[in-house]
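These are the residues of each chain, in order.
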Amino acid sequence: METTIDLSESSTSAANLLQRAAATLNTAGVEAPRLNAEVLLAAAWSCTRTVLLSRLQGPLPADVESKFDDLLRRRRAREPLQYIVGATEFWSLDFDLTPDVLIPRPETERLVELVLSLLRNGSLGSDALRPSICDVGTGSGCIAIALAHEAPAARVTALDVSAAALRVAESNAARNRLAGRIRFLESNLFAAASGERFDIIVSNPPYVATPELDTAQAELRYEPRRALDGGGDGLDVIRVLLRDAPQHLRAGGWLFMEIGCDQSAVVVALARTAGAQEAEVFNDYAGLPRVLRARW
């Protein structure tokens, strides 16, 4: 009797495929290889990880295995997982991602948390009911969108020198139903906001020293260098922000800025030199000094 082979299904189970993929990623130096493999297979199968885990022993469609092989090859080359799947989560909100924008990090949520704490404790010098917030170098829009989501009365402006990044940020605002709440402007730092003043300025500027980028983990080479490279000592953009921020803050206004974990002392000194009445660095969730809060 002639045997008919069903080519629509792979002979490999999802469980076996994941086991082999995790071993491959581990050999390539990828952190959390099993988790990465699961996320990639879920993306190839167009399902959630929860659904994937319920299908581990069942048949695997052949086209899914082919798609997974392509995604696995990219991750094995150390392309960031977030770019491969085109999305990530920040502040429990969903964000689309492209290589035009920096991947949001968990430590940046600490900056959002500190701004919201200020808004809630009534420490603003003016217009506390409708605070104006400016996000300089918005990238994916994660900071501006998280703040607009949590502070509905806030007037939020998001600036970025990259038109491509702004397109991603605007798409993310729409995705999170905040399209009408945030003003997006193409701007080299404060250039497009000339003459404007805000209650709060926030920024996650480039702060990695150029020599460090050349020896950093492989994934960083896929991210936009402009969003990472802070010059020889990592402080080029930070210096300009601290110099110019006072001209764009209302009396009693605050600057919140993410910094490198080894930059706290010099950044506080720079803020004081720029006339800040208060300057303090707060730790991130890993206990590393990460966010400058300064008041003029």
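Residue numbers restart at each chain and count upward from 1, following the sequence in its written direction. Restriction of local features to residues with pLDDT of at least 70 applies here, the model being predicted, together with a cutoff of 80 or more for giving and counting side-chain atom pairs; totals for whole chains, interfaces and linings are based on all residues. Processing note: side-chain calculations cover all non-hydrogen atoms of the structure and skip hydrogens and water entirely.

Let's talk about the layout of surface pockets
Using a grid of 1 Å spacing that covers the protein atoms alone, one calls a set of points a cavity when a 1.4 Å probe fits there but cannot get out, and a pocket when the set is open and has protein on both sides within 12 Å along at least five of seven lines; lining residues are those with an atom within 4 Å of a point. Grid points are joined across faces, edges and corners, and a volume is the space filled by probe spheres set on the points. The volume enclosed by the largest pocket comes to roughly 1000 Å³. Lining the largest pocket are 41 residues; nearest its centre among them are Arg105, Glu107, Gln217, Leu220 and Glu223. Broken down by element, the residue count for the lining of the largest pocket peaks at three residues, all from strand 3 (residues 87-90). Each residue belonging to the lining of the largest pocket can be placed in one class, and the counts come to 18 nonpolar, nine polar and 14 charged. Within this model, the second largest pocket holds a volume of roughly 590 Å³. Along its surface, the second largest pocket is lined by 32 residues, and Gly137, Asp160, Pro206, Arg226 and Ala227 are the ones closest to its centre. Strands here mean DSSP runs of E at least two residues long; helices mean DSSP runs of H or I at least four residues long; both are numbered from the N terminus. In this count, Pro and Cys sit with the nonpolar residues alongside Ala, Val, Leu, Ile, Met, Phe, Trp and Tyr, while Asp, Glu, Lys and Arg are called charged and the others, Gly among them, polar.

Concerning the pairing of strand 11 (residues 289-295)
Two strands are said to pair when DSSP picks up at least two bridges between them. For strand 9 (residues 249-258) and strand 11, the ladder comprises five bridges, and the chain directions are antiparallel. Opposite phenylalanine 256, over in strand 11, you have arginine 293 as the bridge partner. Bridge analysis of strand 10 (residues 278-283) against strand 11 gives six bridges, and the strand direction is antiparallel. Residue pairing in the sheet places alanine 279 in a bridge with alanine 294 of strand 11. Counted along the chain from strand 10 to the antiparallel partner strand 11, the turn is five residues long, and its residue glycine 287 has a positive phi close to 80 degrees.

Some words on the packing of aromatic side chains
Stacked, tilted and edge-to-face are the three classes applied to pairs of Phe, Tyr and Trp rings, where Trp contributes its six-membered ring and a pair requires centres within 6.5 Å; stacked means planes under 30 degrees apart, edge-to-face means over 60, and tilted covers the rest. Taken as a whole, this structure holds two aromatic pairs when the rule is applied. The interplanar angle of 80 degrees and the centroid separation of 6.2 Å between the aromatic rings of phenylalanine 90 and phenylalanine 95 together place this pair among those described as edge-to-face. Only Lys NZ and Arg CZ are tested; either one counts as a charge over a ring when it is within 6 Å of the ring centre and within 35 degrees of the ring normal. Across the ring face of tryptophan 45, the terminal group of arginine 55 is positioned such that the distance to the ring centre comes to 4.8 Å.

A short note on the sheet that holds strand 7 (residues 182-186)
In space, the seven strands of this open sheet follow the order 7-6-5-8-9-11-10, with mixed pairing throughout. Only two strands of the sheet have a single partner each, and these edge strands are strand 7 and strand 10. Across the sheet, the mean angle separating the axes of adjacent strands is 15 degrees when strand polarity is ignored. Here strand 5 (residues 132-136) runs beside strand 8 (residues 198-203); their pairing, made up of four bridges, is parallel. Fitting a line to C-alpha atoms yields each axis, with helices limited to the stretch in contact; the angle taken between N-to-C directions then spans 0 to 180 degrees.

What about the side chain of serine 162?
Note that serine 162 resides in the loop between strand 6 (155-160) and helix 8 (163-175). Polar side-chain contacts of serine 162 include one of 3.0 Å to the backbone nitrogen of alanine 165. Polar contacts, as used here, are pairs of N or O atoms within 3.5 Å; protein pairs need one atom able to donate a hydrogen and one able to accept it. Residues neighboring in sequence count only if both atoms are side-chain atoms.

Considering the pairing of strand 9
Residues in a regular strand project their side chains so that they alternate between the two faces of the sheet. Extensive coverage of strand 9 is indicated by the burial of eight of its ten residues. Bridging between strand 8 and strand 9 involves five bridges; their strand directions are parallel. Across the sheet, residue valine 202 finds its bridge partner in strand 9, namely phenylalanine 256. The rule is simple: take the accessible area with a 1.4 Å probe, protein chains only, and divide by the maximum for that residue type; under 20% is buried, over 50% is exposed, in between is partly exposed.

With respect to the pattern of salt bridges
Between side chains of opposite charge, a pair can form when the charged atoms approach closely. Think of a salt bridge as a Lys or Arg side-chain nitrogen and an Asp or Glu carboxyl oxygen that are within 4 Å of each other. Scanning the entire structure with this criterion turns up 19 salt bridges. In this structure, the salt-bridge partner of arginine 183 is glutamate 196, at a minimum N-O distance of 2.7 Å. Highlighted residues: arginine 183 in strand 7 and glutamate 196 in the loop between strand 7 and strand 8, separated in sequence by 13 residues. The exposure class of arginine 183 is partly exposed, given its relative accessible area of 33%. With a shortest N-O distance of 3.7 Å, glutamate 280 and arginine 293 are connected by a salt bridge. Here arginine 293 lies in strand 11 and glutamate 280 lies in strand 10, a separation of 13 residues in the sequence. On the basis of relative accessibility, which here comes to 38%, the residue glutamate 280 falls in the partly exposed class. If you follow the salt bridges from partner to partner, you end up with Arg34, Glu38 and Arg49 in one network.

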